[in-house]
Amino acid sequence: MVLRSARVRRANLSRVTSETDPTAALADAVSGFVDGFAAEDDVITGARGRARELGCPAVSPATGAALGLLATTVQARSVVEIGTGTGVSGLHLLRGMTADGVLTTIDWEPEFHRAARRVFTSAGYPSGRVRTITGRALDVLSRLTAGGYDLVFADATLVEYRGYFDQGVQLLRPGGVIVLHNVLADVHIGEDGRRDPELLALRDVARTMRDDDRLRPAVLPLGGGLLAAAVVGPAT
Ligand SMILES: C[S@@+](CC[C@H](N)C(=O)[O-])C[C@H]1O[C@@H](n2cnc3c(N)ncnc32)[C@H](O)[C@@H]1O
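How each quantity is defined
Residues numbered from 1 in each chain as written. Predicted model: local features only at pLDDT ≥ 70, side-chain atom pairs only at ≥ 80, totals over all residues. Near = placed C-beta within 6 Å. Helix = DSSP H or I, 4+ residues; strand = E, 2+ residues; numbered from the N terminus. Axes fitted to C-alpha atoms, helices over the stretch in contact; angles between N-to-C directions. Parallel < 35°, antiparallel > 145°, perpendicular 65-115°, else oblique. Contact = placed C-beta atoms within 7 Å. Nonpolar A, V, L, I, M, F, W, Y, C, P; charged D, E, K, R; others polar. Pairing = 2+ DSSP bridges. Left-handed = near helix turned anticlockwise from the far one by under 90°. Buried ≥ 20, exposed ≤ 12 C-beta atoms within 10 Å, placed from the backbone. Right-handed = clockwise from strand over helix to strand, strands pointing away. Expected span 1.5 Å × (residues − 1). Core = buried A, V, L, I, M, F, W, Y, C linked by C-beta atoms within 7 Å.

**Quick notes on the site of the ligand**
Taken together, 23 residues lie near the ligand, and Gly83, Gly85, Val88, Ser89 and Ala137 sit nearest. Secondary-structure elements contributing two or more residues to the shell around the ligand are helix 5 (88-96) and strand 2 (102-107).

What follows is the structure in structure tokens.
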């Protein structure tokens, strides 16, 4: 998978440079602490193992912890996730949500949904707590209830992020939060002179979110990078 191989290349590069460059060594130590701090249990470890077997990159432990924190902070009862994978991020979201909260999670790969449902069940979540919708994200989002959600998390196809944002923000209640994952990974959003479609799409959505008066945005440089915003004005 392209994302994975780029990540592996970057990991190899950071190993080489950290042997010779104290700044890179410090960055490695910091990211080791940040991910190590976010303790994960056997269920999440199992979901990560399944993700590796199926070739589906999952959020980092620190990213998962941040998702749980955000879900708890907004007292999330209704969450939309775009990109279920094998359920790693979904588990973190569920743990942060209220005890009666429902996670609506979208993926176009039935095999990933089967794996994720097994993970949610083994974590003890009854089927009523998780709604899996198998389909193309942009089609599914257009059918969800405007203003009916507390948090939207996107971790799927980068060139579609502007669409996820445009539709996702309409789904949020005032005070709700939208979070886009992987905005710093693989495509080097800050790099000048690059014009590939993923990079252009990410810059477009970052600019749009930064300049949107309804939102309070921030980039959180955890794992692949989160671009997050809270709705502070009317979203619909
Ligand atoms: C990076 S993985 C998600 C990993 C997951 N969030 C986790 O941490 O376990 C991306 C997922 O998005 C799904 N996906 C990508 N583009 C999609 C689209 N346009 N519609 C629906 N699903 C999509 C892929 O099938 C894949 O499972």
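**Observations concerning the packing of helix 8 (residues 161-171) against helix 9 (residues 197-210)**
Closest axis-to-axis distance for the helix 8/helix 9 pair is 8 Å, and the angle between their directions is 30°. Taken together, helix 8 and helix 9 sit at an angle that is classed as roughly parallel. Across the interface between the two elements, Tyr161, Arg162 and Phe165 from helix 8 touch Ala201, Leu202, Asp204, Val205, Thr208 and Met209 from helix 9. Its residues assigned to classes, the contact of helix 8 with helix 9 shows six nonpolar, one polar and two charged.

**Remarks on the sheet that holds strand 2**
The seven strands are arranged 3-2-1-4-5-7-6 in an open sheet whose pairing can be described as mixed. For this open sheet the edge positions go to strand 3 (130-134) and strand 6 (215-220), each flanked by a neighbour on one side alone. Averaged over all pairs of adjacent strands, the angle between their axes in this sheet comes to 15°, without regard to strand direction. Two strands pair when backbone bridges link them, and strand 1 (residues 78-82) and strand 4 (residues 149-154) are joined in this way by four bridges, in the parallel orientation. The residue bridging valine 79 from the neighbouring strand is leucine 151, located in strand 4. Taken strand by strand, helix 8 contacts strand 1, strand 4, strand 5 (172-181) and strand 7 (226-231), and its axis lies near 160° from that of strand 5.

**Thoughts on the packing of helix 3 (residues 42-54) against helix 6 (residues 110-122)**
Interaxial distance between helix 3 and helix 6 falls to 10 Å at its minimum, and their mutual angle equals 165°. With respect to helix 6, the axis of helix 3 lies roughly antiparallel. Classified by chirality, the crossing of helix 6 by helix 3 is right-handed. Contacts between helix 3 and helix 6 pair Val43, Gly46, Ala47, Arg50 and Leu54 from the former with Glu111, Phe112, Ala115, Val119 and Ser122 from the latter. The residue inventory of the contact of helix 3 with helix 6, partitioned by class, reads six nonpolar, two polar and two charged.

**Some remarks on the pairing of strand 5**
The buried fraction of strand 5 is high, at seven of 10 residues. In the sheet, strand 4 pairs with strand 5 via five bridges, with the strands oriented parallel. Looking at strand 5, one finds that valine 152 is bridged to isoleucine 178. Note that the unit made of strand 4, helix 8 and strand 5 has a crossover that is right-handed. Two strands pair when backbone bridges link them, and strand 5 and strand 7 are joined in this way by five bridges, in the antiparallel orientation. Residue pairing across strands places valine 179 opposite alanine 228, the latter belonging to strand 7.

**Here we look at the environment of tyrosine 149**
Within the element layout of this structure, tyrosine 149 appears in strand 4. Sequence spacing of tyrosine 149 and valine 80 is 69 residues, and the spatial spacing of their C-alpha atoms is 7.2 Å. Not counting residues within four places of it along the chain, the set of residues in contact with tyrosine 149 comprises Ser78, Val79, Val80, Leu171, Leu172, Arg173 and Gly176.

**Quick word on helix 2 (residues 22-37)**
Across its 16 residues, helix 2 extends 22 Å between first and last C-alpha, which sits within 8% of the 22 Å expected from 1.5 Å per residue. Little of helix 2 sits out of view: just zero of its 16 residues are buried.

**Side note on helix 8**
All buried positions along helix 8 are accounted for by Tyr161, Tyr164, Phe165, Gln167, Gly168, Val169 and Leu171. Along its buried surface, helix 8 packs onto strand 1, helix 7 (137-141), strand 4, strand 5, helix 9 and strand 7.

**Focus: the nonpolar core**
Among the nonpolar cores identified, the biggest contains 61 residues, and Val79, Leu151 and Leu180 are the most heavily contacted of them. Sequence-distant contacts of leucine 151, that is, excluding residues within four places in its chain, are made with Leu70, Ala71, Val74, Ala76, Val79, Gly176 and Val177.

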